[in-house]
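# Architecture at a glance
Given next are the chains, with one letter for each unit.
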Amino acid sequence: MSIAIDPDRLGVKKVADALEGSEEPHLLTGDQYRASLRDGRRIVSANAEEIKDVTDHPATSVVNTIAHILDMQHDSATQDALTYVGDDGARRAIGWQVPTKREHLWAKRDATRMITLETLGMYGRPPDYGPLMSMGFLAVIDRVEAENREFADNMRKYVQMSGDLNLLSTDLIADPQSDRRIPRNEKPGQLRIVEDRPDGIVVRGAKVAGSIGAMCHMLTLSTVLGEGVSDDAAIWAAVPTNSAGLSLLLREPTVGANPNPVDHPVDAKGEETDQFYLFDNVFIPNELVFSVRNRALLDVYYESGAYMLWSIMMRLGFRAEIFAGVAQAITEILGTDKIPGVQAAVAEITLYAQTLRAYTVATIEESVEWCGIQVPNPPLVTAGRLYSIREYPRITYLMKDLSGQALISRWPEKVWNHPEFGPMLESFLPGTGVTAAEKNRFFSFVWDLVSGAHANRVALFENVNATPPAYVAHLVYEHTDRSEMARFAREYAGISPESHT
Ligand SMILES: Cc1cc2nc3c(=O)[nH]c(=O)nc-3n(C[C@H](O)[C@H](O)[C@H](O)COP(=O)(O)OP(=O)(O)OC[C@H]3O[C@@H](n4cnc5c(N)ncnc54)[C@H](O)[C@@H]3O)c2cc1C
């Protein structure tokens, strides 16, 4: 059942208009998605140029890849993995299904796998990710309810509206990086409430990264790493991307304008932008406010992030499966696949993939129930995430190492079509069982995947998005119960079972 909302007030009028009269009233097509993004949002390129239409600009060309994923929701071959049929008989995006059963987690896992194969996992905030931040809100809704029942109700209605309108969202957590000597609550960039109005709040300040936000409809704000912030900075809310006073300043692109898909098959699909969000007195309507000035919610990152951290870990697991396949193909194409040392490197990449696969299975099979919904086992998610990001540089290093000169003995299509150089390259550089041009094409793909500027941005992202490895290690320490085995060890050694400190 759909809920009644005022789409104009909640910044989603263009989405509602795009879906009006559709055969599938809750599933955007790619074209409807494009139309929904022409909603007055303020996006500024790294050249300080106002991007009037994100659907028609090289810096935001990833819109087309996302549009394709939305079209897949309507394709009979992929629809069942990406959508679900609710009690009202209507289809909605699978991300917005509230996981009351373990099988719902499996369904989310399948959708993430499909989207990762489609995008090669190059986007940290794909369409399946955004809803999981909101599922995390539902996982701690008892604490919000204790603060204010209306806020808890707003959260539930937000999830329902997002499912009804197939909204794309991303999360804003990290604060602008600035002089650490300034106390957090005095930092000028800290996003704060500057006015309380009867119908909402007004906020001012900045947030960072919120990758892919320029292509989303909503931004979910939550002060969950909020130690040391002032009461006015403790805000949980959803903010429409087209809110008046909100500017998204895109970082410098890592992908050239309109790359040739043969020379850069991955880059040609576009990149997610990591932008700076400037909030210049942005009004957030009451319906989208989930908590304000609640100090009890300033440190619930681990709990409210349980689903989104799981999603990040799974995506890396599926990327790892791709990496293992790519490593195998590299060695076959170079004819190195029978060399024991080479096989050991491929085995190491395979081990990475298999380990992450095991984490994915275990996090679902050992899910826990919080606030009536199934949450992927949080200590296992945290351990899997730490493993996935610690090993990532090693795995991509191995793939580059396995490639040898092939990553630089590559030329664009134009050179291959050159009457003099093309034939010479073809005769001097064939691979094992593939022509030189095919080999060139394959290693252009490997370059984009693990070696080029875009791949390096992704590596940077994997390392620090959703907190850097040292902090994840701290979470592993804090949230894994070792007490039973510590007692066992003490008893086995014949000393006191409890610590006296
Ligand atoms: C490409 C990219 C995309 C991102 N996308 C998103 C996004 O979509 N959403 C979002 O909310 N955030 C995103 N982030 C931001 C990310 O969450 C932060 O970068 C991260 O939390 C680290 O915060 P910081 O950058 O302010 O680093 P700082 O806090 O300045 O820390 C710098 C470094 O110091 C070390 N350090 C800091 N604190 C500790 C500690 N307690 N213990 C040990 N070492 C420490 C770490 O090495 C850390 O990397 C993204 C970042 C990047 C680079």
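All of these numbers come straight from a predicted model, not from anything done at the bench. (Residues numbered from 1 in each chain as written. Predicted model: local features only at pLDDT ≥ 70, side-chain atom pairs only at ≥ 80, totals over all residues. Heavy atoms only, no water.)

## What to know about the layout of surface pockets
- There is about 1,600 Å³ of room inside the largest pocket.
- Listed by contribution, the elements that provide at least two residues to the lining of the largest pocket are strand 7 (200-209), strand 11 (275-285), helix 9 (301-304), helix 16 (453-464) and helix 17 (469-479).
- Considering every element that reaches the lining of the largest pocket, the biggest residue donor is helix 17, with five residues.
- Per-class residue counts for the lining of the largest pocket are 23 nonpolar, 12 polar and 13 charged.
- Mapping the lining of the largest pocket onto the domain boundaries places at least three of its residues in each of domain 1 (1-299) and domain 2 (305-484).
- Estimates place the volume of the second largest pocket at around 590 Å³.
- Considering the residues around the second largest pocket, the lining is formed by 22 residues, among which Tyr-84, Trp-96, Val-98, Val-159 and Gln-160 are closest to the centre.
- Mapped onto the lining of the second largest pocket, the elements with two or more residues apiece are strand 3 (83-85) and helix 8 (149-165). (1 Å grid on protein atoms, 1.4 Å probe; cavity = no way out; pocket = protein on both sides within 12 Å on 5 of 7 lines; lining within 4 Å. Points joined across faces, edges and corners; volume = space filled by probe spheres on them. Helix = DSSP H or I, 4+ residues; strand = E, 2+ residues; numbered from the N terminus. Nonpolar A, V, L, I, M, F, W, Y, C, P; charged D, E, K, R; others polar. Domains from an automatic or database assignment.)

## Considering the sheet that holds strand 7
- Pairing is mixed across the open sheet formed by six strands, whose spatial order is 2-1-10-11-7-6. Each having just a single partner strand, strand 2 (50-51) and strand 6 (192-197) make up the two edges of the open sheet.
- Summarising the sheet, strand 10 (residues 246-250) and strand 11 pair through five bridges and their orientation is antiparallel. Its bridge partner being in strand 11, Leu-246 is matched across the sheet by Phe-279. (Pairing = 2+ DSSP bridges.)

## Section: helix 11 (residues 340-365)
- For helix 11, with 26 residues, the first-to-last C-alpha span of 36 Å sits near the 38 Å given by 1.5 Å per residue.
- Where helix 11 is concerned, the buried positions are Val-342, Ala-345, Val-346, Ile-349, Tyr-352, Ala-353, Leu-356, Tyr-359, Thr-360, Thr-363 and Ile-364.
- The inward-facing, buried residues of helix 11 contact helix 5 (102-119), helix 10 (306-334) and helix 12 (378-403). (Expected span 1.5 Å × (residues − 1). Buried < 20%, exposed > 50% of the residue type's maximum accessible area, 1.4 Å probe, protein only. Contact = heavy atoms within 4.5 Å.)

## Topic: the environment of Leu-27
- On the secondary structure map, Leu-27 appears in the loop between helix 1 (13-19) and helix 2 (30-37).
- The exposure class assigned to Leu-27 is buried, which follows from its relative accessible area of 0%.
- Along the primary structure Leu-27 and Thr-83 are separated by 56 residues, whereas in three dimensions their C-alpha atoms are 8.6 Å apart.
- Look past the residues within four positions of Leu-27 in its chain and what remains in contact with it is Leu-19, Gln-32, Gln-73, His-74, Thr-83, Arg-91, Arg-92, Ala-93 and Asn-166.

## Things to note about the domain arrangement of the chain
- By domain assignment, the chain separates into domain 1 (1-299) and domain 2 (305-484).
- Between domain 1 and domain 2, the C-alpha centre-to-centre distance is 26 Å.
- Domain 1 puts 48 residues into the contact, and the matching count from domain 2 is 45 residues.
- Roughly 3,900 Å² of surface becomes buried between domain 1 and domain 2 when both sides are summed, with 66% attributable to carbon and sulfur atoms.
- Of all residues in domain 1, Arg-102, Leu-105 and Met-122 give up the largest surface area on contact with domain 2, accounting jointly for 16% of the area buried on that side.
- Linking domain 1 with domain 2 are three salt bridges.
- A salt bridge links Arg-457 to Asp-274; the shortest N-O distance between them is 2.5 Å.
- Across the contact surface, domain 1 and domain 2 share 18 residue pairs in polar contact (both at pLDDT 80 or more).
- Looking at the side of domain 1 that touches domain 2, the elements that each hand over two or more residues are helix 5, helix 6 (130-139) and helix 7 (141-147). (Buried area = accessible area lost by both parts, 1.4 Å probe. Salt bridge = Lys/Arg side-chain N within 4 Å of Asp/Glu carboxyl O. Polar contact = N/O pair within 3.5 Å; in protein donor to acceptor, adjacent residues only side chain to side chain.)

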